[in-house]
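Given next are the chains, with one letter for each unit.
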Amino acid sequence: MRVRIGLLACLAIVGLVVFGAIEPRFHHPFPSMVDDWSAIANAPEQLREVLRLGNPEEQRYRPGFIAWNALQWHTLGAPEAFAGPQLWGVLRVAVLVLGVTLLGLLLIESGLRRIAGLDPAWLLVLGVPLAVITAPSLAIDLARYGPQEPLLVGCMSLGAVLLVRTFDELLATLPVQPWVVAAAAGGVALWAFGVLQKETSACVLLLAPFLWPTVRRQRERWSGLDGGRRAAIGVVVGAMLLPFVPIVARTVELALADERVYEDAAAAKGFVDRLSDQLSRAGEVLHSPLPMILLAAAVVVLAIRTFRLGADWISTGLLVVALAFLLFAAEAGVVASRYYLPSIALGAFALARSVVPLGSAAVVATGVVLVAGGMWQAWEGHGWVEWWVDGERAQEILVREAAARAAGGCEVGVIGLNVELVKALPVLMPLADEPPRNCAAEERYLVVIDPGGPGTETPPDDPVLSACAPEAEPAWSSNVGKILRCTA
């Protein structure tokens, strides 16, 4: 009971801190002009293609992400109502919190000692998810509904916990209980859904050889198994590996294609320079030095642990996979906060697991740093999420201003150099449900959305803009875009 109370306390604290950091998101009930609009417009047809075992995206393969978009934006009254997307968004964060916390606990305890009572190792169980999830930019990624990494990490982590528990029960001699079957089914489903979020999940396959020493230590338990249990274990292992088949096949296919996603970014620099950017710009992009300090500390602590006590192959494998995720991101050539989440989580797991055998003093020091750093990140993250929400509200106002004129019967067109927002506006305008205003009979308006800055404005001789012959002053404008009243 003590362990359960301690675990529940950790989950409660992490949940309160993480949801507190993204709290401003819950006060902005409107889809984003970045990513959300695409899910609203395209997810149903894309899901039908996925169910036919096709790939609706030429340069990507992410069937789990497409399925999630369909759930989030086309169930529970969405997209017309926003309560459904908010509920799915809460579930997404909850799965990440549960997965990282429970897998951290499992990795700390496995092969070491069971945490009970006032054991200082609880600081590690609490500190790992706090340090991993709360980096300011990652808080924005949680507040947003587009990034796939939270589901990739959350579902695979929680699925792994359930599957390890399943294997442990199947290797025992006691009769298999119904909950074991449920854990196996739930674990496989979560694991597969995480794997199918995006191509980078293939990096996890590199962990397999590092698990062999642990598997080999279970030989005595294997020798006593009957044929039924051996078959059950084989089925579960096969189910775990199955989702990697299309992921690996599609990843190889996309890598060999003539055009790849982010091709321009990757071509601008050599691979070594791109990897250097991933490492050197992490603190800048995440708005916190803690994640890279955590990864560096994991390498150092693992080296100390290996020198003093011998190799810990699981921790070593976790760091190898963390590096693989960084290499995958470097190959794409884009430095983005969400790409760091898997590596940070794996590094934190390796650090916590490696530090436990080094003694209580090392455990307390590491745990305090992780908890304090995570709390500081969450405080900073709340402010960054507020800033992001302010930008989202500015975009929403533009949508509503355009929708109000369209509701009055005016023709409203849209052009501009901000390609995504230009595509998003017609999709989101019907969802604004604005009453008619600022629209006289037969008036025509043109919405212009440019990124801003030198050389990023629609030129006056643009054919659509010229045909509009707009009035000298915009009918409405903001830092997002402007609405022009046409005279022609």
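On a predicted model such as this, the values are computed, not experimentally measured, just so you know.

Enquirer: Before we move on, could you go through the overall build of the protein and cite the residues and values that matter?
Expert: Secondary structure summary: the protein contains 21 helices and four strands in total. A compact globule built from 488 residues would reach a C-alpha radius of gyration of about 23 Å, and the protein, at 25 Å, matches this within 12%. Its C-alpha atoms put the protein at 85 × 45 × 45 Å along the principal axes. Counting the 488 residues in the protein, one finds 50% classified as buried. When contacts within the protein are restricted to residue pairs at least 6 apart in sequence, long-range pairs at least 24 apart make up 80% of them. For the protein, the computed accessible surface area is about 22,000 Å², with 65% contributed by carbon and sulfur atoms. Charge centroids of the protein, computed over 36 positive and 45 negative side chains, lie 13 Å from each other.

Enquirer: Help me get a handle on the confidence of the model for the protein, residues and values and all.
Expert: Chain-level statistics for the protein give a pLDDT mean of 91 and a share of 96% at 70 or above. At the level of individual helices and strands, the protein shows its lowest average pLDDT in helix H13 (residues 263-267), which scores 57, and its highest in helix H18 (residues 341-355), which scores 97.

Enquirer: Any details on helix H20 (residues 419-432)? Residues and values, ideally.
Expert: Along an α-helix, residues three or four positions apart point the same way, because every turn accommodates 3.6 residues. If you check H20, its first and last C-alpha atoms are 21 Å apart, about what 14 residues at 1.5 Å a residue would give, namely 20 Å. Leu425 marks the point of greatest bend in H20, at about 40°, and the proline Pro426 comes within the next four residues. Among the residues of H20, Leu421, Val422, Ala424, Leu425, Leu428, Met429, Leu431 and Ala432 are the ones counted as buried. The secondary structure elements touched by the buried residues of H20 are helix H2 (36-51), helix H19 (360-407), strand S1 (411-415) and strand S2 (444-448).

Enquirer: How would you summarise the state of the cysteines if you had to cite specific residues and measurements?
Expert: Evaluated as defined, the whole model comprises two disulfides. One disulfide bridge connects Cys410 with Cys439, the sulfur atoms lying 1.8 Å from each other. As the torsion about the S-S bond is roughly 110°, the Cys410-Cys439 disulfide counts as right-handed. You can see Cys410 sitting in the loop between H19 and S1 and its partner Cys439 sitting in the loop between H20 and S2, a full 29 residues away along the chain. Among the residues examined, Cys410 registers a relative accessible area of 6% and is labelled buried. Of the residues examined, Cys439 reaches a relative accessible area of 25% and is grouped as partly exposed. Disulfide pairing is shown between Cys468 and Cys486; the S-S distance is 2.0 Å.

Rules behind the numbers
Residue positions are given per chain, counted from 1 along the sequence in the order it is written. Local features are withheld for residues below a pLDDT of 70 in this predicted model, meaning they are given only at 70 or higher, and side-chain atom pairs are given and counted only at 80 or more; totals for whole chains, interfaces and linings count all residues. Heavy atoms throughout the structure, all of them, feed into the side-chain values; hydrogens and water do not. The numbering of helices and of strands both runs from the N terminus, where a helix is a DSSP run of H or I of at least 4 residues and a strand a run of E of at least 2. For a compact globule the rule gives 2.2 Å times the number of residues to the power 0.38, and the radius of gyration it is set against comes from C-alpha atoms. Three labels apply to residues, based on accessible area from a 1.4 Å probe with only protein chains included: buried if under 20% of the type maximum, exposed if over 50%, partly exposed otherwise in between. The contact criterion used throughout is that any non-hydrogen atoms of two residues lie within 4.5 Å. For every accessible area listed, the method is Shrake-Rupley and the probe measures 1.4 Å; residues are considered covered only by the protein chains on display. The charge count treats Lys and Arg as positive and Asp and Glu as negative. His and the chain ends do not count. Charge coordinates come from a single atom per side chain, which is NZ of Lys, CZ of Arg, CG of Asp or CD of Glu. The pLDDT score gives, residue by residue, the confidence of the prediction method on a 0 to 100 scale. How far a helix is expected to stretch is found by multiplying one less than its residue total by 1.5 Å. Bend at a residue means the angle formed by two fitted axes: the first through the 7 residues ending at that position, the second through the 7 residues beginning there. Cysteine sulfur atoms are paired as a disulfide whenever they come within 2.5 Å of each other.

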